[in-house]
Amino acid sequence: MDACERELIEKLEGENTLSEEEYVQLIENGDEEARELLALKASEKSKSVFKNAIYTRGLIEISSFCKNNCLYCGIRRDNTFAERYRLTGEEIFSCAEEGYELGFRTFVLQGGEDLHYTDDVLCGIISQIKKNHPDCAVTLSMGERSAESYKALRDAGADRYLLRHETADRVHYNTLHPREMSFDNRMRCLRELKETGYQVGCGFMVGSPGQTSRTLAKDLMFIREFKPDMCGIGPFIPHRNTPFAGEKTGTLEMTLFLLSVIRLMLPGVLLPATTALGTIHPRGRELGILAGANVVMPNLSPAAVRKKYELYDNKICTGEESAQCRDCLEERIKTIGYRLVVDRGDSVYYMENK
Ligand code: 5AD
Ligand code: FES
């Protein structure tokens, strides 16, 4: 690291922002020393806002049916090898119940864009979960929908919505997605989610095919401007039955580097140490926390379906039960000097504006 990179890191720490050109420079020239300095500053920043608390959300993967055909994703519609399943309302409620007993106060319902989940069906499920657990937050991660739909789901009780932007570069977006999907629609969804009053999460994969230091700099500029409540980033991992089967996996180093940069840009943002990060390195999630992440999302899906929600190859936690994942993560977090907290963990940005 030369004086120039050190200066950029100090500027980012002090001013929370860099120009697009400066991000490009930092991404292209950041070496191990720069990454270590960034991780140190980012974890200090995280501790100054959250102390040593790590928030936890229980992930329930409700359906592996998907009408979309994103080139990177293992449950894309053209993957005829993918085993499809859909949880019933009762199955979802019992996952939430089990999660509640284990101490979870946020449930994330995630699934492919499954046409079974009309607004009526999804609203029914959301309101029942809120009725069973009034002290819990419900987060949705169900893809692109209309403004009316987002509104109806919010009215039914959904508190938060995760929709990764995937890339802030239009041309790059089009190389990751089929023609029928559009960058503009993705951005519309994100905007409308915010306007509807959700706490919103965006994010992207690190090392997706076609990603460059320029597209990453654009991601960072977008994130800074959009100011999400949560930002989900994890390495791209190829899935054997997708067009990207032969592409390279995103690196641990770049993912940790970007987690640190995002923490310095948005000190209060919720930043998960993702399952994908835990998949590419045995201590990936711990390293993520040490680089500035402050959320973990253990899997609460029924053990019988876990292997079927396979977005990428070798996904971890597919053979475990909910309690095992919770205990495993609690232990991992303890060993690095942090503690798992059980409250809803609302976004500080959201609370400030309420
Ligand atoms: N590798 C890593 N992450 C993936 N996702 C989808 N496919 C992959 C993959 N092959 C991520 C996308 C999506 C989220 C639910 O999972 O970013 O938004
Ligand atoms: Fe699932 Fe460790 S978190 S096994």
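Residues numbered from 1 in each chain as written. Chains lettered and ligands numbered in written order. Predicted model: local features only at pLDDT ≥ 70, side-chain atom pairs only at ≥ 80, totals over all residues. Heavy atoms only, no water.

## Points about helix α10 (residues 252–265)
Thought 1: With 14 residues, α10 should reach 20 Å at 1.5 Å per residue; the first-to-last C-alpha distance of 20 Å fits that figure.
Thought 2: Burial within α10 is extensive, with 12 of its 14 residues counted as buried.
Thought 3: Every buried residue of α10 is listed here: Leu252, Thr255, Leu256, Phe257, Leu258, Leu259, Ser260, Val261, Ile262, Arg263, Leu264 and Met265. (Helix = DSSP H or I, 4+ residues; strand = E, 2+ residues; numbered from the N terminus. Expected span 1.5 Å × (residues − 1). Buried < 20%, exposed > 50% of the residue type's maximum accessible area, 1.4 Å probe, protein only.)

## As for the nonpolar core
Thought 1: Membership of the largest hydrophobic core comes to 89 residues, with the highest contact counts inside it found for Ile60, Ile62, Leu140, Ile223 and Ile262.
Thought 2: Once residues within four sequence positions are removed from consideration, Ile62 is found in contact with Tyr85, Arg86, Leu87, Ile92, Leu109, Gln110, Gly111, Tyr117, Leu122 and Met142.
Thought 3: Core analysis: the second largest hydrophobic core is formed by 11 residues, Leu59, Val108, Leu270 and Met297 among them. (Core = buried A, V, L, I, M, F, W, Y, C linked by side-chain atoms within 4.5 Å. Contact = heavy atoms within 4.5 Å.)

## Brief notes about the site of ligand 1
Thought 1: Every residue close to ligand 1 is listed here: Tyr72, Cys73, Gln110, Arg164, Glu166, Met205, Pro235, Phe236, Ile237, Leu311 and Tyr312.
Thought 2: Between ligand 1 and the protein, one listed contact pairs a nitrogen atom with a backbone N or O atom of Tyr72 at 3.0 Å.
Thought 3: Take Leu311: an N or O atom from its main chain is 3.4 Å from a nitrogen atom of ligand 1.
Thought 4: Within the complex, 87% of the 410 Å² of free accessible area of ligand 1 lies under protein.
Thought 5: In terms of residue class, the shell around ligand 1 is built from eight nonpolar, one polar and two charged. (Near = heavy atom within 4 Å. Polar contact = N/O pair within 3.5 Å; in protein donor to acceptor, adjacent residues only side chain to side chain. Areas by Shrake-Rupley, 256 points an atom, 1.4 Å probe, with all protein chains shown as cover. Nonpolar A, V, L, I, M, F, W, Y, C, P; charged D, E, K, R; others polar.)

## Observations concerning the packing of aromatic side chains
Thought 1: Applying the stated criterion to the full structure yields six aromatic pairs.
Thought 2: Between Phe50 and Tyr55 the ring centres are 5.9 Å apart and the planes differ by 85°, which places this aromatic pair in the edge-to-face class. Pair check on accessibility: Phe50 and Tyr55 agree, each one buried.
Thought 3: Between the aromatic rings of Tyr150 and Tyr161, the centroid separation amounts to 5.0 Å while the plane-to-plane angle is 70°, which identifies the pairing as edge-to-face. Linking Tyr150 in helix α6 (residues 147–155) with Tyr161 in strand β5 (residues 160–162), this pair joins segments that are 11 residues apart in sequence. (Phe/Tyr/Trp six-rings, centres within 6.5 Å; stacked < 30°, edge-to-face > 60°.)

## Here's the deal with the environment of Cys73
Thought 1: Positionally, Cys73 belongs in the loop between β2 (58–63) and α4 (89–101).
Thought 2: Put simply, Cys73 and Asp327 are 254 residues apart on the chain and 29 Å apart in space, counted from C-alpha to C-alpha.
Thought 3: Ignoring any residue separated from it by four or fewer positions in sequence, one finds Cys73 in contact with Thr242 and Leu311.

## Details of the sheet that holds strand β4 (residues 137–141)
Whether parallel or antiparallel, the strands of a sheet pair through hydrogen bonds between backbone atoms.
Thought 1: Strand order in the open sheet made by the six strands is β2-β3-β4-β5-β6-β7, with parallel pairing throughout. Since the sheet does not close on itself, it has two edges, and those belong to β2 and β7 (230–235), each with one partner. If you compare each strand with its neighbour and ignore which way they point, the axes differ by 20° on average.
Thought 2: One ladder, built from two bridges, connects β4 with β5; its direction is parallel. Note on β5: the bridge partner recorded for Leu140 is Tyr161.
Thought 3: Those strands touched by helix α9 (residues 213–226) are β6 (199–206) and β7, and its axis lies near 170° from that of β6. (Pairing = 2+ DSSP bridges. Axes fitted to C-alpha atoms, helices over the stretch in contact; angles between N-to-C directions.)

## Comments concerning the sheet that holds strand β1 (residues 53–56)
Thought 1: Taken together, the three strands give an open sheet; going across it, the order is β8-β1-β9, and neighbouring strands pair in parallel fashion. Edge positions in the open sheet fall to β8 (295–296) and β9 (339–341), since each of these has one partner strand only.
Thought 2: Two elements, β1 and β9, share three bridges in a ladder whose sense is parallel. When the bridges of β9 are listed, Tyr55 appears paired with Val341.
Thought 3: Strands β1, β8 and β9 of the sheet are contacted by helix α13 (residues 322–335), whose axis makes an angle of about 135° with β9.

## Here we look at the environment of Arg306
Thought 1: Checked against the element boundaries, Arg306 lands in the loop between β8 and α13.
Thought 2: Remark: the alpha-carbon pair of Arg306 and Gly319, spanning 13 residues in sequence, is separated by 7.4 Å.
Thought 3: Not counting residues up to four positions away in its chain, the partners in contact with Arg306 are Asn299, Leu300, Ser301, Cys317, Thr318, Glu320, Glu321, Ser322 and Cys325.
Thought 4: Reaching out from Arg306, the side chain makes a polar contact with the side chain of Ser322 at a distance of 3.5 Å.

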